[in-house]
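Residue-level structural notes
These are the residues of each chain, in order.
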Amino acid sequence: MTTVDPTPAPAVRLRELVFGAAFAGAVRAAARLGVADALGDAPAAPKELAASVKTEAQPLKRLLRALSAHGIFEETADGRFAHTEMSRLLREDTPGSLRYIALWCTEPWTWEAWPRLDEAVRTGKHVFHDLYGKEFFDYLNNDAPESAHVFDRAMTTSSRQSARDIAEFLDLEGVSSIADIGGGQGLVLASLLEKHPEVHGTLLDLPSVVANADSRLREGGPLAARAQVVGGDCRRNIPVEADLYIIKNILEWDDESTRRTLRNVIAAARPGARVVVIENLVDDSLSMKFTTAMDLLLLLNVGGGKHTMQSMTERMEQSGLQVGDIRQVNGFLHAFDSTVPA
Ligand SMILES: C[S@@+](CC[C@H](N)C(=O)[O-])C[C@H]1O[C@@H](n2cnc3c(N)ncnc32)[C@H](O)[C@@H]1O
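Keep in mind the model is a prediction, meaning the values are calculated, not measured. For every chain, the first residue of its written sequence is number 1, and the numbers climb from 1 along that sequence. Two thresholds apply to this predicted model, a pLDDT of at least 70 for residue-level local features and 80 or more for giving and counting side-chain atom pairs, whereas whole-chain, interface and lining totals are computed over all residues. Derived side-chain values reflect all non-hydrogen atoms in the structure, with water molecules and hydrogen atoms excluded from consideration.

1. Some remarks on the overall build of the chain
Put simply, the rule is: A run of DSSP states H or I qualifies as a helix once it reaches four residues; a run of E qualifies as a strand once it reaches two. Both are numbered from the N-terminal end. Throughout, the radius of gyration refers to the C-alpha atoms, and the reference size of a globule is 2.2 Å times the residue count to the power 0.38. Exposure categories follow from relative accessible area, calculated using a 1.4 Å probe and restricted to protein chains: below 20% of the type maximum is buried, above 50% is exposed, and the middle band is partly exposed. Contacts are residue-level and defined by heavy atoms, with any inter-residue pair within 4.5 Å sufficient. Under the convention used here, a 1.4 Å probe and the Shrake-Rupley method define accessible areas, while residue burial counts only the protein chains that appear.
When you go through the chain residue by residue, the secondary structure sums to 17 helices and nine strands. Over its C-alpha trace the chain gives a radius of gyration of 22 Å, about what one expects of a compact globule, namely 20 Å for 342 residues. Considered along the principal axes of its C-alpha atoms, the chain spans approximately 70 × 50 × 35 Å. Across the 342 residues that make up the chain, the buried fraction comes to 47%. Of all intrachain contacts in the chain linking residues separated by at least 6 positions in sequence, the fraction that spans at least 24 positions is 64%. With the model as given, the accessible surface of the chain reaches about 17200 Å², and the carbon-plus-sulfur share is 53%.

Shown next, in the form of structure tokens:
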């Protein structure tokens, strides 16, 4: 509650913005403590909540107050806290939960990397090797199992939402086999195979990632007879022939990796095969604040970035693909349909 004029003047807004780390830290703390999961439909006093999530009551109240200032939880007139639409999204059981996205965007390595953004902007290169002595995915999968788990869950969360949209969006007429390159745990592939019972599919991702592939695709799963799961490195080789290749949210790393991946797809595919690249574009998005922030994070960790419509088209054409339709899948994703030339 405030008696002060709430209109943020530029100076107030800028003060708020430079405390972005505090907001991100507060969301992370709430997600890690499971505060949203502990709060039910009825408002609860900080003391009650503190007992459930095993914290001190007073600091928890301060955390909740800071979050409420952003519309994540809401303080009632009698000093209890209630859910808002945003706080519910931090619950693990909410459909479309953002708990793992919140954790992923605030993982410990991000706090090491952000202060080096000026350096990354100066050089145009990532800072990850300098910080951790190895490449990002190597570090993630071999040295930071907790972060790797959060990453896989976060990807699964965002894929779950987009998988339905993509299954709805993609016309698979004439397609009998699909390969999802860097397909994570295989949600997009599983959704497509469920919708199209005559289609076969291959999931290719790093070995440690496909080890946790969607159970529907694995041995004993309902789609296993039509699914193949391949552990590999798409920058080295893509040992899969398919009518349609899907490459979603992969071509965000350095240009050389993008070139190699697209070249490997073309080498694996027969002429006329379809390649659909699906990406968040930095120049056309429902939330420019989220997409531009992610673009900077990609500069820090892999020396990559989100594409513009033009830069994505150019990379695909330079690799030899014939780019056709470019269409919006949903508010965050665009699909670039292309063909492997004869
Ligand atoms: C941003 S995620 C996108 C995952 C999935 N396509 C989706 O949209 O949900 C990037 C994926 O690329 C995979 N990846 C990274 N390097 C790879 C490589 N060299 N070969 C194959 N997959 C790789 C990661 O393991 C991760 O699953």
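Still more ground to cover, so stick around.
2. Structural notes on the environment of Thr 110
Inspection of the secondary structure puts Thr 110 in helix H8 (residues 108-113). A C-alpha to C-alpha distance of 25 Å links Thr 110 and Ile 278, two positions 168 residues apart in sequence. With sequence-adjacent residues up to four places away left out, Thr 110 is seen in contact with Trp 104, Cys 105 and Leu 297.

3. Some details on the site of the ligand
Note the cut-off: Residues are counted as near a molecule or strand when any one of their heavy atoms sits within 4 Å of it. Throughout this description, a polar contact denotes any pair of N or O atoms lying within 3.5 Å of each other; where both atoms belong to protein, one of them has to be capable of donating a hydrogen while the other can accept it, and for residues adjacent in sequence the pair is counted only when both atoms sit in side chains.
The environment of the ligand is formed by 18 residues, the closest being Ser 159, Gly 182, Asp 205, Asp 233 and Lys 248. Asp 233 places a side-chain nitrogen or oxygen 2.7 Å from a nitrogen atom of the ligand. At 2.6 Å from an oxygen atom of the ligand is found a side-chain nitrogen or oxygen belonging to Lys 248. Burial of the ligand by the protein amounts to 94% of the accessible area it has alone, namely 590 Å². Counting residues per element, the shell around the ligand draws most heavily on helix H12 (residues 145-169), at three residues.

4. Examining the side chain of Lys 306
Of note, Lys 306 is situated in the loop between helix H16 (288-302) and helix H17 (309-319). Owing to a relative accessible area of 12%, Lys 306 belongs among the buried residues under this scheme. A polar atom in the side chain of Lys 306 sits 2.9 Å from the side chain of Glu 252. A distance of 2.8 Å separates the side chain of Lys 306 from the side chain of Asn 280, its partner in a polar contact.

5. Regarding the pairing of strand E6 (residues 244-248)
Where we set the bar: Two strands pair if DSSP finds at least two bridges between them.
With five of five residues buried, E6 is to be regarded as a mostly interior element. Burial along E6 is two-sided: Leu 244, Ile 246 and Lys 248 facing one way and Tyr 245 and Ile 247 facing the other are all buried. Summarising the sheet, strand E3 (residues 177-181) and E6 pair through four bridges and their orientation is parallel. By the bridge assignment for E6, Asp 180 is matched with Ile 246. Relative to strand E7 (residues 274-279), E6 runs parallel, the two sharing five bridges.

6. Observations regarding helix H15 (residues 255-268)
Using the following cut-off: Expected helix span is computed as 1.5 Å times (number of residues minus one).
Here H15 contains 14 residues, and its C-alpha end-to-end distance of 20 Å stays within 8% of the 20 Å for a straight helix at 1.5 Å per residue. Considered for burial, the residues of H15 that qualify are Ser 257, Thr 258, Thr 261, Leu 262, Asn 264, Val 265, Ile 266 and Ala 268.

7. Observations regarding the domain arrangement of the chain
We apply this condition: Note that domain bounds follow an automatic or database assignment of domains. Summed over both partners, buried area is the accessible surface (1.4 Å probe) that two parts give up on being assembled. The rule for a salt bridge is simple: a side-chain nitrogen of Lys or Arg has to be within 4 Å of a carboxyl oxygen of Asp or Glu.
Under the domain assignment, the chain is made up of domain 1 (10-106) and domain 2 (109-339). Here the C-alpha centroids of domain 1 and domain 2 sit 31 Å apart. When domain 1 packs against domain 2, close to 1300 Å² is buried across both sides, 70% of that on carbon and sulfur atoms. Inspection of the region where domain 1 meets domain 2 yields two salt bridges.

8. A word on unusual backbone geometry
Of note, the phi angle at Phe 73 is positive, near 70°, even though the residue is not glycine. Among the structural elements, Phe 73 can be located in the loop between helix H5 (57-68) and strand E1 (74-75). The exposure class of Phe 73 is buried, given its relative accessible area of 1%.

9. Points about the UniProt feature "domain: O-methyltransferase dimerisation" (unreviewed entry) in the chain
Defined as follows: UniProt positions are given in the numbering used here, feature names are shortened, and annotations may be inferred rather than shown by experiment.
In the UniProt entry, the feature "domain: O-methyltransferase dimerisation" (unreviewed entry) is given for residues 16-90. Within residues 16-90, the helical portion is 59% and the strand portion 5%, while the C-alpha atoms at the span's ends are 22 Å from each other.

10. Section: the pairing of strand E4 (residues 200-205)
For E4, the tally of buried residues reaches five of six residues, placing the bulk of the element in the interior. Two elements, E3 and E4, share five bridges in a ladder whose sense is parallel. Bridging across to E4, Asp 180 finds its partner in Leu 203.

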